[in-house]
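Tertiary structure, described
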Amino acid sequence: MDASEIDVLVQRLVANPHDQEALAYAHNAGNADPKSYAVFLEKVGNSTSDPAYASHWLSEAANVWSITLGDVHRAARVLMMAVDKDPTQETAAERLAQLYRDKGEHKALVALLERRAKALGPLAAQNPDLKLHLAGIHEELGRLWSEAPLSSPKKGVENYKRAIELDTTSAYAVYALRELYKQAEQWSDAVPLFAMEQAIIDDPERKLALYRDEADVRKLAGDREGATTVLRQARAVAAEDPALIQELGASILDRIQGGDPVSPSERQEAADLFVTLAEMYDGEHGLLYSMAALDVAPGHDRAMQLAAHYAKELARTGELAPRWHEYLKANPGGAMAAEARKETGAPETGFVASPSAPPPPMEAPGPSPSAPPP
């Protein structure tokens, strides 16, 4: 096609983008001279006032530059023009983004995505679909900024927060933002994001993992009582999980040993949890669990009974002397009181003397790796 032919065809398609005769003529001529065809499509795109059509023509021109002529740089430039013509058209933007991804041009990709985000921002408020698309753009920006080679967590946080503002159901953005806060040891900022993800997901295993992670983060944030509450909520998902029973009991025991105020009802709860485990596992673990129960509730009848049973089996009855004394002080009329008096030599009535030293505080043992006895 010579210049005059190109100009005539450009005018025809600008006036009527559905002019099939002009399109067919240009396409046939393009088979013989692809470069002239690409230039022609560019001119149509640049001359068309309708943004959507302009973006379409420029995208087609970029296809010819890239696929037929192998000029990737020219294709990228034309695709950027298409994006500028109509930021809402995803085809051109995604093609250009993929070019940058394929070439590993992270900075160029970020610049493109930020340019699109800026253009789409004012439009997204009126268009729910566009709003979700914009959230996806900010998600990708968050990932690009937070990972190598850009490695700017602060910008990653900014973009993930924006993604969540646009789409509160984005589990990926919520997770990624929380992980960035954890990496920065911003524990208190990370905490609210656990409940946000819990509201999105349904998978029980994922919910349980989130509860456990939140409990750890709350402890790091100095909220040990909150950690206990979260582990208690986790039992709604897996009430019979021995590891979770141990974690909840240990959480309460840690607060007691740390000097935190712990209510009598919570102490009883922890003791009952440890007794449950002592009834599931025998031997060494059964003894340790029953003694942990006595650490939080010294007068617990069943815990004392189990501790005496396992200590006798293991020939370790001498270890129970301090706990017999504490049991008798806490529960002088309990089911194990007679045996306690026998073990301690205490009189049937009256003041119960303390042993020379109280039982040392202990950490709650982990769950036994063996299966519970039948």
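Thresholds, definitions, all that
Residues numbered from 1 in each chain as written. Predicted model: local features only at pLDDT ≥ 70, side-chain atom pairs only at ≥ 80, totals over all residues. Heavy atoms only, no water. Helix = DSSP H or I, 4+ residues; strand = E, 2+ residues; numbered from the N terminus. Rg over C-alpha atoms; globule rule 2.2 N^0.38 Å. Buried < 20%, exposed > 50% of the residue type's maximum accessible area, 1.4 Å probe, protein only. Contact = heavy atoms within 4.5 Å. Areas by Shrake-Rupley, 256 points an atom, 1.4 Å probe, with all protein chains shown as cover. Lys, Arg positive; Asp, Glu negative; His and termini not counted. Charge placed at Lys NZ, Arg CZ, Asp CG, Glu CD. Salt bridge = Lys/Arg side-chain N within 4 Å of Asp/Glu carboxyl O. Axes fitted to C-alpha atoms, helices over the stretch in contact; angles between N-to-C directions. Parallel < 35°, antiparallel > 145°, perpendicular 65-115°, else oblique. Nonpolar A, V, L, I, M, F, W, Y, C, P; charged D, E, K, R; others polar. Polar contact = N/O pair within 3.5 Å; in protein donor to acceptor, adjacent residues only side chain to side chain. pLDDT = per-residue confidence, 0-100. Left-handed = near helix turned anticlockwise from the far one by under 90°. Phe/Tyr/Trp six-rings, centres within 6.5 Å; stacked < 30°, edge-to-face > 60°. Lys NZ or Arg CZ within 6 Å of the ring centre and 35° of its normal. Core = buried A, V, L, I, M, F, W, Y, C linked by side-chain atoms within 4.5 Å.

1. Topic: the overall build of the protein chain
Tallying secondary structure elements over the protein chain gives 20 helices and 0 strands in all. Taking 21 Å as the expected radius of gyration for a compact globule of 374 residues, we find that the protein chain reaches 35 Å, considerably beyond that expectation. Counting the 374 residues in the protein chain, one finds 45% classified as buried. When contacts within the protein chain are restricted to residue pairs at least 6 apart in sequence, long-range pairs at least 24 apart make up 54% of them. Put simply, the protein chain shows about 18600 Å² of open surface, and 52% of that area lies on carbon and sulfur atoms. Between the mean site of the 38 positive side-chain charges and the mean site of the 56 negative ones, the protein chain shows a separation of 4 Å.

2. Points about the pattern of salt bridges
It is possible for side chains of opposite charge to pair when their charged atoms get near one another. Taken as a whole, this structure holds 28 salt bridges when the rule is applied. Put simply, Arg316 and Glu319 hold a salt bridge, and the shortest N to O gap is 2.7 Å. Three or more residues joined by partner-sharing salt bridges are found here, namely Glu94, Arg101, Glu140, Arg143 and Glu147.

3. A look at the packing of helix α16 (residues 264–280) against helix α17 (residues 283–296)
Where α16 meets α17, the axes come as close as 8 Å, and the angle between the chain directions of the two elements is 170 degrees. It follows that α16 is roughly antiparallel to α17 by the angle criterion. Taken together, the residues of α17 that come into contact with α16 (itself represented by Arg267, Ala270, Ala271, Phe274, Val275, Leu277 and Ala278) are Gly286, Tyr289, Ser290, Ala292, Ala293 and Val296. Taken together, the residues that form the contact of α16 with α17 break down as 10 nonpolar, 2 polar and 1 charged.

4. Let's talk about the side chain of Ser170
Residue placement: Ser170 occurs in the loop between α9 (153–166) and α10 (171–183). Owing to a relative accessible area of 6%, Ser170 belongs among the buried residues under this scheme. Among the polar contacts made by the side chain of Ser170, one reaches the side chain of Glu139 at a distance of 2.3 Å. Within the structure, Ser170 has its side chain in polar contact with the backbone nitrogen of Ala173 (distance 3.2 Å). The residues touching Ser170, leaving out its near neighbours within four places in the chain, are Glu139 and Ile200.

5. Re the confidence of the model for the protein chain
Confidence in the prediction of the protein chain, expressed as mean pLDDT, is 90, and 93% of residues score 70 or more. Every residue in residues 350–358 is under pLDDT 50, and counting partners more than four places away or in other chains gives 11 contacts. Long-range and interchain partners of residues 368–374, a stretch whose pLDDT sits below 50, account for 12 contacts in this model, where long-range means more than four residues apart.

6. Observations regarding the environment of Asp33
Turning to its location among the elements, Asp33 is positioned in the loop between α2 (20–32) and α3 (34–47). When the C-alpha atoms of Asp33 and Gly258 are compared, they prove to be 82 Å apart, with 225 residues separating the residues in sequence.

7. Focus on the packing of α16 against helix α18 (residues 301–313)
Orientation of α16 relative to α18, taken along the N-to-C sense of each, is 35 degrees, at an axis distance of 10 Å. Where α16 crosses over α18, the handedness of that crossing is left-handed. Every residue of α18 that contacts α16 at Val275, Ala278 and Glu279 is listed here: Arg302, Ala303, Leu306 and Tyr310. For the contact of α16 with α18, a count of residues per class yields 5 nonpolar, no polar and 2 charged.

8. Remarks on the environment of Val10
Within the fold, Val10 resides in helix α1 (residues 3–15). When the C-alpha atoms of Val10 and His106 are compared, they prove to be 36 Å apart, with 96 residues separating the residues in sequence. If near-sequence neighbours (up to four positions away) are discounted, Val10 is found in contact with Phe40, Lys43, Val44 and Ser47.

9. Examining the packing of aromatic side chains
Aromatic rings considered in pairs are described by the distance between their centres and by the relative angle of their planes. Per the counting criterion, the structure on display carries 3 aromatic pairs. Between Tyr37 and Phe40, the aromatic rings sit 6.2 Å apart at their centres with planes inclined by 20 degrees, giving stacked as the arrangement. One end of the pair is Tyr37 and the other is Phe40, both in helix α3 and 3 residues apart, which spans about a single turn. This pair shows no difference in class: Tyr37 is buried, exactly as Phe40 is. Look at Tyr281 and Tyr289: their rings are 6.3 Å apart centre to centre, the planes differ by 35 degrees, and that puts the pair in the tilted class. Overall, Tyr281 belongs to the buried group, its relative accessible area being 5%. Taking the ring centre of Trp145 as reference, the NZ or CZ of Lys155 above it sits at 5.2 Å. The ring of Phe194 carries Arg178 above its face, with NZ or CZ at 4.5 Å from the centroid.

10. Some words on the nonpolar core
Within the largest apolar cluster, 47 residues are counted, with the highest numbers of intra-cluster contacts made by Phe274, Leu277, Met304, Leu320 and Trp324. Breaking this core down by element, the ones donating at least two residues are α13 (204–220), α14 (224–234), α15 (242–257), α16, α17, α18, α19 (321–330) and α20 (337–344). At 8 residues, the largest contribution of residues to this core is made by α16. Leu109, Ala124, Leu134 and Trp145 belong to the second largest nonpolar core, which has 46 residues in total.

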